[in-house]
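The primary structure of each chain is shown beneath.
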Amino acid sequence: MDELYLRSGIFLAPFHNHDENPTLSMERDLELLEHLDRLNYHEAWVGEHHSGGFELIACPEMFIAAAAQRTRHIRLGTGVVSLPYHNPFMLADRMVQLDHMTRGRAMFGVGPGALVHDALKIGIDPGAQRQMMNEALEVIIPLLRGETVNRKTNWFNLTEAQLQLRSYTRPTMELAVAAARSPAGSLAAGKYGIGMLSIGGTSPAAMERHTENWGLYEETARANGHVPDRRNWRVVGMFHIAETREQARKNVQFGVQAFADYFRDVATFPIIPPDVPDPYEWLVETGTGCIGTPDDAIAYIDRLIAGSGGFGVICELAQNWADWDATKKHYELMARFVHPHFQKSRELLRGSYDYATSHHEDFTGKAGAAIQAEIDRHAARSSAKPERSAAE
């Protein structure tokens, strides 16, 4: 993994406490993507949720279209679209449009859907969601390639279905499948040789599951004629950093308890156990999250890389543990001090500086000698000029 360039990203669910103005919360998420674009983050993944009152974006494609108009470089992915909630032909058609509108910056992340209430509200059996995801993916990929599809299931019927517009990105836009605890995501990603998004935390136990899923991905990819590439593996972790550990701890008191309450009361599984008196202590002590300084973040990511064998993108979960100003500062510190460590963008600068300092005396001696020589030449020229006579 030493030769692999570690890209940076975020996973924007997003999480916003239900006591805030939702209009302003969504605007702030757009401002966050503008901020990350300026900080040279490589990508952001935007979620889809329809219940629970905490994760506000219902249509990531619409959000990405707006964000693309306000950013220049950052790639924008659906993180993720819940395939059972959409007719696969209509979804593929929308994503191709988004591929064109973003000039190839859009990415297509998919999953079965995480919130049970979302599925139940539209009459979907939660136990069928992973099968439905696989059925949808089986037709979406050939549709994106411009192929004609005939396929009937108990929830969609495609007849001579072909998209009228080819993908902007050839052969298709980048795809990825979410994988958490079950093997469904890694099996689907491996079958088609597309990317994998490991979500669900980065505690030592969670990383063991993610690494097992990656192994399953590699095995499945090879069995289907694909070459697995760790650059297409994204790992989602939880971070908040500040100039000092004390400041980082103070910052997260703003929102970490509300985050813990949401996962305990609403989400599919609690990230922080309900009997934990201090979420900060538990996150740090168990290694579930990194709350500290840039050096702490570097050490944390080093542990993830060593334990997993390496991956292509470290995605930070955008959790709003801190207030807006401290959150922006966190991303700035990550971009200034953490990302360069893994992208090896400072090594030549350091080498150039070290070479200059080690030869400083020699360089200054040569510079001084050159200056003195020029002074001496000028003095010699001046003394050699003939004096003008009074008659002249």
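Residues numbered from 1 in each chain as written. Predicted model: local features only at pLDDT ≥ 70, side-chain atom pairs only at ≥ 80, totals over all residues. Heavy atoms only, no water.

J.: How would you sum up the state of the cysteines? Please name residues and give values.
T.: This structure, assessed with the given rule, holds zero disulfides. Here C315 stays unpaired: no disulfide links it, and the sulfur of C290, its closest cysteine neighbor, is 16 Å away. The class for C315 is buried, based on a relative accessible area of 0%. (Disulfide = S-S within 2.5 Å. Buried < 20%, exposed > 50% of the residue type's maximum accessible area, 1.4 Å probe, protein only.)

J.: Please give an account of the environment of Y85 that cites residues and values.
T.: Checked against the element boundaries, Y85 lands in the loop between β3 (75-82) and α3 (88-101). Between the C-alpha atom of Y85 and that of G52, which follows or precedes it by 33 residues, the distance is 17 Å. Not counting residues within four places of it along the chain, the set of residues in contact with Y85 comprises E48, H50, G113, L115, D118, A119, I122, I124 and Q129. (Helix = DSSP H or I, 4+ residues; strand = E, 2+ residues; numbered from the N terminus. Contact = heavy atoms within 4.5 Å.)

J.: Just give me the short version of helix α9 (residues 256-265), but keep the residues and values in it.
T.: For α9, the complete set of buried residues consists of V256, A258, F259, A260, Y262 and F263. Those residues of α9 hidden inside the fold are in contact with β9 (233-241), α8 (245-252), α10 (279-286) and β11 (313-317).

J.: Describe in detail the pairing of strand β6 (residues 157-161), supporting the description with residues and values.
T.: Where strand β5 (residues 149-152) lies against β6, three bridges are found, and the strand directions are antiparallel. Paired with V149 across the two strands is A161, which belongs to β6. The hairpin turn running from β5 into β6, its antiparallel successor, is four residues long. (Pairing = 2+ DSSP bridges.)

J.: Please provide a residue-by-residue account of the pattern of salt bridges, values included.
T.: Enumeration according to the criterion identifies 21 salt bridges in this entry. For the salt bridge of R75 with E174, the shortest nitrogen-to-oxygen distance reads 2.7 Å. Remark: E174 occurs in the loop between β6 and β7 (175-179) and R75 occurs in strand β3; sequence separation between them is 99 residues. Accessibility expressed as a relative area gives 26% for R75, which makes it partly exposed. A salt bridge links D354 to R350; the shortest N-O distance between them is 2.8 Å. Within this pair, D354 and its partner R350 are both found in helix α13 (residues 347-358), separated by four residues, close to a single helical turn. Here D354 falls in the partly exposed class, since its relative accessible area comes to 35%. (Salt bridge = Lys/Arg side-chain N within 4 Å of Asp/Glu carboxyl O.)

J.: Before we move on, could you go through helix α11 (residues 294-308) and cite the residues and values that matter?
T.: With 15 residues, α11 ought to run about 21 Å at 1.5 Å a step, and its terminal C-alpha atoms sit 21 Å apart, in line with that. Residues of α11 that are buried include every one of P294, D296, A297, I298, Y300, I301, L304, I305 and S308, and no others. Where α11 is buried, its residues contact α7 (204-223), β9, α8, β10 (289-292), β11 and α12 (324-343). Remark: G309 follows α11 within two positions and exhibits a positive phi of approximately 90°. (Expected span 1.5 Å × (residues − 1).)

J.: So what's going on with the packing of α11 against α12? Residues and values would help.
T.: Two elements in contact, α11 and α12, have axes whose closest approach is 10 Å; the angle formed by their N-to-C orientations is 40°. Our classification of the angle between α11 and α12 gives oblique. In the crossing of α11 with α12, the sense of the turn from one axis to the other is right-handed. Contacts from P294, A297, I298, I301, D302 and I305 of α11 reach α12 at L333, M334, F337, V338, H341 and F342. Its residues assigned to classes, the contact of α11 with α12 shows ten nonpolar, one polar and one charged. (Axes fitted to C-alpha atoms, helices over the stretch in contact; angles between N-to-C directions. Parallel < 35°, antiparallel > 145°, perpendicular 65-115°, else oblique. Left-handed = near helix turned anticlockwise from the far one by under 90°. Nonpolar A, V, L, I, M, F, W, Y, C, P; charged D, E, K, R; others polar.)

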